[in-house]
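# Structure assessment
One letter stands for each residue in the lines below.
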2 protein chains.
Amino acid sequence: MTSTPPPARPHKMRRTTVADQIKNLILTNGLRSGDALPTEAELCATLDVSRSSVREAIRNLSTLDIVDVRHGHGTFVSGMSLAPMVEVLVFRGALSPGDSLQALREVVEIRRALDLSMSERVVQANHGVESPELDALVADMEERAQRGESFLEADRAFHAMLLDSTGNRLAGQLVAAFWDVHTAVIPQLGLPVPAEILKTVTAHGDMLAAARAGDAESYRRAVVEHYEPLQRVLDEHR
Amino acid sequence: MTSTPPPARPHKMRRTTVADQIKNLILTNGLRSGDALPTEAELCATLDVSRSSVREAIRNLSTLDIVDVRHGHGTFVSGMSLAPMVEVLVFRGALSPGDSLQALREVVEIRRALDLSMSERVVQANHGVESPELDALVADMEERAQRGESFLEADRAFHAMLLDSTGNRLAGQLVAAFWDVHTAVIPQLGLPVPAEILKTVTAHGDMLAAARAGDAESYRRAVVEHYEPLQRVLDEHR
């Protein structure tokens with residue numbers, strides 16, 4: 001099989017060659033998340049480039065969360081989160097007043113689609129499994145909702161942990177990233193918190209119970225119910 | 001309803017305050033993708049910060065594809081692609097030799113999950129609709145595969161265009177982004193092209209035909225068949 005050239009690589013990979021060299025050095029040195037990079041002076045010598053080029057490349061990699069600069073301690077290989085994507089999507093949601101509701105609808109649709117499409121895996125991973133942490137998160141959301149408080153952190157942790165249980169780390173991160181986007185965009189748009197927020201809380205408990213019972217069909221029904229109050233708010237502001 | 005503090009914003013939003021100010025200025029000035037930003041000198045004056053701070057902030061926003069620096073022409077609001085996320089995920093896939101196959105499996109699982117979960121929307125959008133561009137892409141993939149050539153660009157365009165047809169721009173971008181990650185990681189891992197690559201080509205045609213016929217069930221079957229050759233390669237290298 002002959003090969004045609006691969007499609008264009010992400011734009012920054014073409015331009016920031018020193019950043020590419022540093023990425024290669026991370027790979028060839030077998031560095032892992034949390035490991036220290038060589039010092040700035042060592043990088044200048046190894047890559048034979050100026051100190052300002054190294055600094056710019058490190059800043060670039062830091063913005064992408066590929067390295068983590070801890071001032072006074074050095075530069076480390078980072079956890080490579082999806083934080084840069086969240087920042088871009090949050091800003092995109094805020095950018096176009098006419099389109100930002102549409103942008104939010106798209107994010108919510110993707111969240112729902114991911115939750116639905118991972119249902120078999122979530123049920124498989126949780127069938128018959130005790131998970132006191134997930135129970136505690138559901139209880140925390142219920143208590144807060146009944147006191148009329150919001151429950152953002154428990155909500156985010158619940159979704160991320162449930163998806164993480166499938167062993168697909170990327171799924172958990174994506175779900176958490178879209179949760180961040182959605183939660184940051186709603187107040188920017190001045191949207192009300194759905195009136196039936198308690199339904200969403202109950203749906204979290206139903207999702208967990210269905211997963212434990214090994215019932216994928218009920219799990220998917222609970223996912224659909226979970227998003228209904230939010231979708232109604234989005235529809236009312238169409 | 002009292003409010004608890006929102007969860008931590010993406011890490012860069014806390015640190016790069018000049019970048020935040022520039023993002024706010026984009027919003028308050030009502031700038032859109034493609035619009036020019038004020039000049040560096042104007043930004044220094046408006047934000048009352050040094051030229052080097054403005055430059056660093058612009059570089060940061062450029063890395064995130066929020067602005068686009070065209071040398072000699074100025075700085076423009078960018079298309080806000082998912083290119084930064086692709087760069088991070090491709091590097092993450094390459095980073096840990098032991099885990100990179102697992103990282104690839106996760107990406108392929110997410111691609112498949114997105115395709116499956118958007119099936120109703122894709123079918124709804126394409127039922128009874130002529131789309132000569134999609135036909136041409138399928139024909140192009142078939143011809144190339146029969147000549148033993150790869151067909152990466154047509155493949156990517158096919159998936160992105162099909163998801164775009166739902167009107168969910170984010171879904172199309174995500175699918176294209178994960179396609180990029182997956183395609184960049186496979187050669188890095190030295191994985192063979194699936195032997196039954198022609199099955200994948202046929203499955204593209206089947207997906208399109210099912211969507212046009214309004215048959216969501218057949219569409220999902222074609223999606224499953226589409227990923228089978230690739231999943232077999234991933235399983236063999238377990």
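Small disclaimer: the values here were computed from a predicted structure and weren't measured. (Residues numbered from 1 in each chain as written. Chains lettered and ligands numbered in written order. Predicted model: local features only at pLDDT ≥ 70, side-chain atom pairs only at ≥ 80, totals over all residues. Heavy atoms only, no water.)

Residues and elements named next belong to chain A. As a packed pair, helix H2 (residues 17-28) and helix H4 (residues 51-63) sit with axes 8 Å apart at the nearest point and diverge in direction by 70 degrees. In terms of axis orientation, H2 runs roughly perpendicular to H4. Together, Val 18, Ala 19, Ile 22 and Lys 23 of H2 and Ser 53, Val 54, Ala 57, Ile 58 and Leu 61 of H4 make up the contact between the two elements. (Axes fitted to C-alpha atoms, helices over the stretch in contact; angles between N-to-C directions. Helix = DSSP H or I, 4+ residues; strand = E, 2+ residues; numbered from the N terminus. Parallel < 35°, antiparallel > 145°, perpendicular 65-115°, else oblique. Contact = heavy atoms within 4.5 Å.)

For the rest of this paragraph, the subject is the pairing of strand S1 (residues 67-70) of chain B. Look at any regular strand and the pattern is simple: side chains alternate between the two faces of the sheet. Residue and element names in this part refer to chain B. Relative to strand S2 (residues 74-77), S1 runs antiparallel, the two sharing four bridges. Across the sheet, residue Arg 70 finds its bridge partner in S2, namely Gly 74. Between S1 and S2, which pair antiparallel and follow one another directly, the connecting turn spans three residues, one of which, Gly 72, has a positive phi of 85 degrees. (Pairing = 2+ DSSP bridges.)

Let's shift gears to the packing of H4 of chain A against helix H4 (residues 51-63) of chain B. In contact at an axis separation of 9 Å, H4 of chain A and H4 of chain B are set at 50 degrees when each is read in the N-to-C sense. Taken as axis vectors, H4 of chain A and H4 of chain B run oblique relative to one another. Crossing geometry of H4 of chain A relative to H4 of chain B is assigned as right-handed. Packed against H4 of chain A, whose contacting residues are Glu 56, Arg 59, Asn 60 and Thr 63 of chain A, the element H4 of chain B presents Glu 56, Arg 59, Asn 60 and Thr 63 of chain B at the interface. Among the residues making up the contact of H4 of chain A with H4 of chain B, the classes are represented as no nonpolar, four polar and four charged. (Left-handed = near helix turned anticlockwise from the far one by under 90°. Nonpolar A, V, L, I, M, F, W, Y, C, P; charged D, E, K, R; others polar.)

Moving on, we come to the domain arrangement of chain A. You can read the domains of chain A as domain 1 (11-77) and domain 2 (83-236). Each of domain 1 of chain A and domain 2 of chain A has a C-alpha centre, and these two points are 35 Å apart. (Domains from an automatic or database assignment.)

Right, let's get into the confidence of the model for chain A. Confidence along chain A averages 85 in pLDDT terms, with 90% of residues attaining 70 or more. This stretch, residues 1-16 of chain A, has a pLDDT under 50; its non-local contacts, to residues over four places away or in other chains, come to 33 contacts. (pLDDT = per-residue confidence, 0-100.)

In this section: the pattern of salt bridges. Residues and elements named next belong to chain A. Per the stated rule, a full pass over the model turns up 26 salt bridges over all chains. Linking Arg 156 and Asp 180 is a salt bridge whose minimum nitrogen-to-oxygen distance equals 2.7 Å. Of this pair, Arg 156 sits in helix H9 (residues 152-164) while Asp 180 sits in helix H10 (residues 169-189); the two residues are 24 residues apart in sequence, bridging distant segments of the chain. Counted as one network, the salt bridges with shared partners bring together Asp 140, Arg 144, Arg 147 and Glu 149. (Salt bridge = Lys/Arg side-chain N within 4 Å of Asp/Glu carboxyl O.)

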